[in-house]
Amino acid sequence: MAKDMTLLWGSGSPPCWRVMIALEEKGLQGYNSKQLSFEKGEHKGKDVLAINPRGQLPAFKHGNITLNESYGACLYLEEQFKNQGNKLTPENKAEVALMYQRMFEGLSLFDKIKQSLFYDRFVPENERHDSAKKRNAEGLKDEIKIWEGYMQTTGPYLAGKSFSLADVIVFPVVAFLFRFGLNEEHFPKLAAYHNTVKDRPSVKNTWPSNWKDSPGMDTLKNL
Amino acid sequence: MAKSMYLLWGSGSCPCWRVMITLEEKKLQGYKQKLLSFEKEEHKSKEVLEINPRGQLPSFKHGDDIINESTGACLYLENQFKSQGNKLIPDSPAEQALMYQRMMEGLTLYEKLNLVAFYDFYAPEGERHDSALKRNKDNLVTELQLWERYLENVAAGRYLAGGFSLADVVVFPSLAYAFRYGLSAGRYPKLAKYYSLLKDRPSIKATWPPKWFQIEQRSESLKDI
């Protein structure tokens, strides 16, 4: 099964990491794994475009099936491999509802990170405004506070008692925040969540390799 | 079942429309609902904030459970009510994968449409640039051409992932919105065919937006795309 799967991925990319965590959780280790470099523009290379015309990573194949949207790949793997590995969908109705809610709220969190931390990457020089940077930074801070609030009333995982697709989807984004220096003292509940999940085997086994070799940034230290 | 559901919605909002289509498809008519006005800022009212602290619509409750994220709510409803109404997630691996792929790509399509039709919402006065709007328009054209390709063989019963599915639930509202805001059917014939095939589907017809947001000022926003 796993041998029929191929994943093209880039290190540190939350969308790629999600799929890698899902594959580990469902006991699908042994898939064909190809690491590419964003810096070298390899995500726009022929290999990727053959699977993903959008020239984006992750690019994922299962036999003749292609699934490049990370949420889609995670949902597909959970559904198709329901009876193997760990169950990523809670039994309890309240937890399932919360799982879907947090999964899709994860899009807001990642968007706000991109708009603030990667402002210069996405906005050409002549279109940049301090007012926008400031607004985006405030937006990111408010968004992170929302998630800190969630972890004050739920735990240990995003949907409650069980590790679920919500964590598969959102943990890589939370890890990204701490990689960029988010202060554990300012956001203790998120820090606790981060510390709980980072040692989970599926997460540990797929931890971005370049994160192990180098210190993170301190961009968010004062947030 | 439906009686324990409560939907707060706004007219012309694609995310709201997705949830409403799903409720119809799953035979959950009879849910409690309240139409709110974006123009009057009712999406920031206390009633909404109590369910959705983000002050956004849709806001949706099923008993005590809240799911305000539209795609999440649609997935939740399909999974909780699998055995009633229409099946919206195909079983076959190939169709299912394609459905999830197109469903999520539908969110990208929606974003790119908004970045043109509602550019001024994203960029306050003083931060707007012709170069940015042009880039957004070019990106939208590229995006729409992708969807023209995806719908190359569109026919009755042959939608985004075969039979009508959650991919269509997510994407159809965005295309209806695009045509309403001036998108040319001539330039996008496959999209236009998809639109005409689905516009009379009962779940879609029953939930068609009573009106579109700021349509008077924006009905031609996408005319040149």
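Residues numbered from 1 in each chain as written. Chains lettered and ligands numbered in written order. Predicted model: local features only at pLDDT ≥ 70, side-chain atom pairs only at ≥ 80, totals over all residues. Heavy atoms only, no water.

### Section: the domain arrangement of chain B
Residue and element names in this part refer to chain B.
- Domain assignment breaks chain B into domain 1 (2–81) and domain 2 (93–207).
- Centre-to-centre separation of domain 1 and domain 2, based on C-alpha positions: 21 Å.
- Of the roughly 1,400 Å² buried where domain 1 meets domain 2, counting both sides, 75% is carbon and sulfur surface.
- Between domain 1 and domain 2 we count 1 salt bridge in total.
- In terms of residues, the side of domain 1 that touches domain 2 owes the most to one element, helix H1 (residues 14–25), which gives 9 residues.
- For the side of domain 1 that touches domain 2, a count of residues per class yields 7 nonpolar, 2 polar and 4 charged. (Domains from an automatic or database assignment. Buried area = accessible area lost by both parts, 1.4 Å probe. Salt bridge = Lys/Arg side-chain N within 4 Å of Asp/Glu carboxyl O. Helix = DSSP H or I, 4+ residues; strand = E, 2+ residues; numbered from the N terminus. Nonpolar A, V, L, I, M, F, W, Y, C, P; charged D, E, K, R; others polar.)

### A word on the layout of surface pockets
- Roughly 420 Å³ of volume is contained in the second largest pocket.
- Surrounding the second largest pocket, 25 residues form its lining, B:Leu98, B:Arg102, B:Arg149, B:Tyr150 and B:Leu160 being those nearest its centre.
- Residue assignment for the lining of the second largest pocket shows that the elements contributing at least two residues are helix H2 (46–51) and strand S4 (65–66) of chain A together with helix H4 (93–117) and helix H6 (130–150) of chain B.
- Broken down by element, the residue count for the lining of the second largest pocket peaks at 6 residues, all from H4(B).
- Residue classes in the lining of the second largest pocket are distributed as 13 nonpolar, 6 polar and 6 charged. (1 Å grid on protein atoms, 1.4 Å probe; cavity = no way out; pocket = protein on both sides within 12 Å on 5 of 7 lines; lining within 4 Å. Points joined across faces, edges and corners; volume = space filled by probe spheres on them.)

### Digging into the UniProt feature "domain: GST N-terminal" (unreviewed entry) in chain A
- Following the UniProt record, one finds the feature "domain: GST N-terminal" (unreviewed entry) at residues 3–85 of chain A.
- Taken as a whole, residues 3–85 of chain A contains 35% helix and 20% strand, while its terminal C-alpha atoms sit 16 Å from one another. (UniProt positions renumbered as here; feature names shortened; annotations may be inferred.)

### Describing the nonpolar core
- With 150 residues, the main nonpolar core has A:Leu77, A:Met103, B:Met103, B:Tyr194 and B:Leu222 as its most contacted residues.
- In terms of residue count, helix H7 (residues 165–179) of chain A provides more of this core than any other element does, 12 residues in total. (Core = buried A, V, L, I, M, F, W, Y, C linked by side-chain atoms within 4.5 Å. Buried < 20%, exposed > 50% of the residue type's maximum accessible area, 1.4 Å probe, protein only.)

### Details of the packing of helix H6 (residues 130–153) of chain A against helix H8 (residues 188–198) of chain A
All names here are of chain A.
- Two elements in contact, H6 and H8, have axes separated by 8 Å at closest approach and are oriented at 70°. As summarised for this structure, H6 and H8 are arranged roughly perpendicular, according to the angle between their axes. Two secondary-structure elements touch here, H6 through Ile144, Trp147, Glu148, Met151 and Gln152 and H8 through Pro188, Lys189, Leu190 and Tyr193.
- Taken together, the residues of the contact of H6 with H8 sort by class into 6 nonpolar, 1 polar and 2 charged. (Axes fitted to C-alpha atoms, helices over the stretch in contact; angles between N-to-C directions. Parallel < 35°, antiparallel > 145°, perpendicular 65-115°, else oblique. Contact = heavy atoms within 4.5 Å.)

### A word on the sheet that holds strand S3 (residues 59–62) of chain B
All names here are of chain B.
- The strand order across the open sheet built from 4 strands is S2-S1-S3-S4, with neighbouring strands paired in mixed fashion. Whereas interior strands pair on both sides, the edge strands pair on one side only; in this sheet they are strand S2 (32–36) and strand S4 (65–66).
- In the sheet, strand S1 (residues 5–10) pairs with S2 via 5 bridges, with the strands oriented parallel. Its bridge partner being in S2, Leu7 is matched across the sheet by Gln33. (Pairing = 2+ DSSP bridges.)

### Focus on the packing of aromatic side chains
- One pass over the full model with this rule turns up 34 aromatic pairs over all chains.
- Between the aromatic rings of B:Phe172 and B:Tyr195, the centroid separation amounts to 5.7 Å while the plane-to-plane angle is 5°, which identifies the pairing as stacked. Of this pair, B:Phe172 sits in helix H7 (residues 166–180) while B:Tyr195 sits in helix H8 (residues 189–198); the two residues are 23 residues apart in sequence, bridging distant segments of the chain.
- Note on B:Phe172: relative accessible area 0%, which makes it buried.
- Seen from the ring of A:Phe118, A:Arg121 lies directly overhead, with NZ or CZ sitting 4.3 Å from the centre.
- For the cation-ring pair, B:Arg201 lies above B:Phe164, with the distance from its terminal atom to the ring centre recorded as 3.8 Å. (Phe/Tyr/Trp six-rings, centres within 6.5 Å; stacked < 30°, edge-to-face > 60°. Lys NZ or Arg CZ within 6 Å of the ring centre and 35° of its normal.)

### Things to note about the side chain of A:Arg179
Residues and elements named next belong to chain A.
- Relative to the elements of secondary structure, Arg179 occurs in helix H7.
- For Arg179, which is buried and forms no salt bridge, the nearest opposite charge comes from Asp213, at a distance of 8.5 Å.
- A polar side-chain atom of Arg179 sits 3.5 Å from the main-chain carbonyl oxygen of Pro215.
- Each residue touching Arg179, except ones within four places of it in the same chain, is listed here: Asn210, Trp211, Ser214, Pro215, Gly216 and Met217. (Lys, Arg positive; Asp, Glu negative; His and termini not counted. Polar contact = N/O pair within 3.5 Å; in protein donor to acceptor, adjacent residues only side chain to side chain.)

### Quick word on the interface of chain B and chain A
- Contacts between the two partners involve 40 residues from chain B and, on the opposite side, 33 residues from chain A.
- Carbon and sulfur atoms supply 52% of the area that chain B and chain A bury against each other, a total of about 3,000 Å² over both sides.
- The three residues of chain B that bury the most area against chain A are B:Arg54, B:Met104 and B:Glu127, which together make up 21% of that side's buried surface.
- Here chain B and chain A share 7 salt bridges between them.
- For the salt bridge of B:Arg135 with A:Glu127, the shortest nitrogen-to-oxygen distance reads 2.7 Å.
- The interface formed by chain B and chain A includes 19 residue pairs in polar contact (both at pLDDT 80 or more).

### A look at H8(A)
Residues and elements named next belong to chain A.
- Taken as a whole, H8 has its buried residues at Leu190, Ala191, Tyr193, His194 and Val197. For H8, the angular spread of buried residues about the axis comes to 160°, placing them on one side.
- In this structure, the buried residues of H8 make contact with H6, H7 and helix H9 (201–204). (Arc of directions from axis to C-beta.)

### Re the domain arrangement of chain A
All names here are of chain A.
- Examined at the domain level, chain A breaks down into domain 1 (5–80) and domain 2 (93–212).
- For domain 1 versus domain 2, the separation of C-alpha centres amounts to 20 Å.
- Counting residues at the interface gives 16 residues for domain 1, matched by 24 residues for domain 2.
- Overall, the association of domain 1 and domain 2 removes approximately 1,800 Å² of surface from exposure, summing both partners, and the carbon and sulfur fraction of that is 73%.
- Looking only at domain 1, the three residues that lose the most surface to domain 2 are Trp17, Arg18 and Tyr71, adding up to 38% of its buried area.
- Seen at the junction of domain 1 and domain 2, the total is 1 salt bridge.
- Here Arg200 makes a salt bridge to Glu25, at a shortest N to O gap of 2.7 Å.
- On the surface where domain 1 and domain 2 come into contact, there are 8 residue pairs in polar contact (both at pLDDT 80 or more).
- In terms of residues, the side of domain 1 that touches domain 2 owes the most to one element, helix H1 (residues 14–25), which gives 9 residues.
- Taken together, the residues that form the side of domain 1 that touches domain 2 break down as 9 nonpolar, 3 polar and 4 charged.

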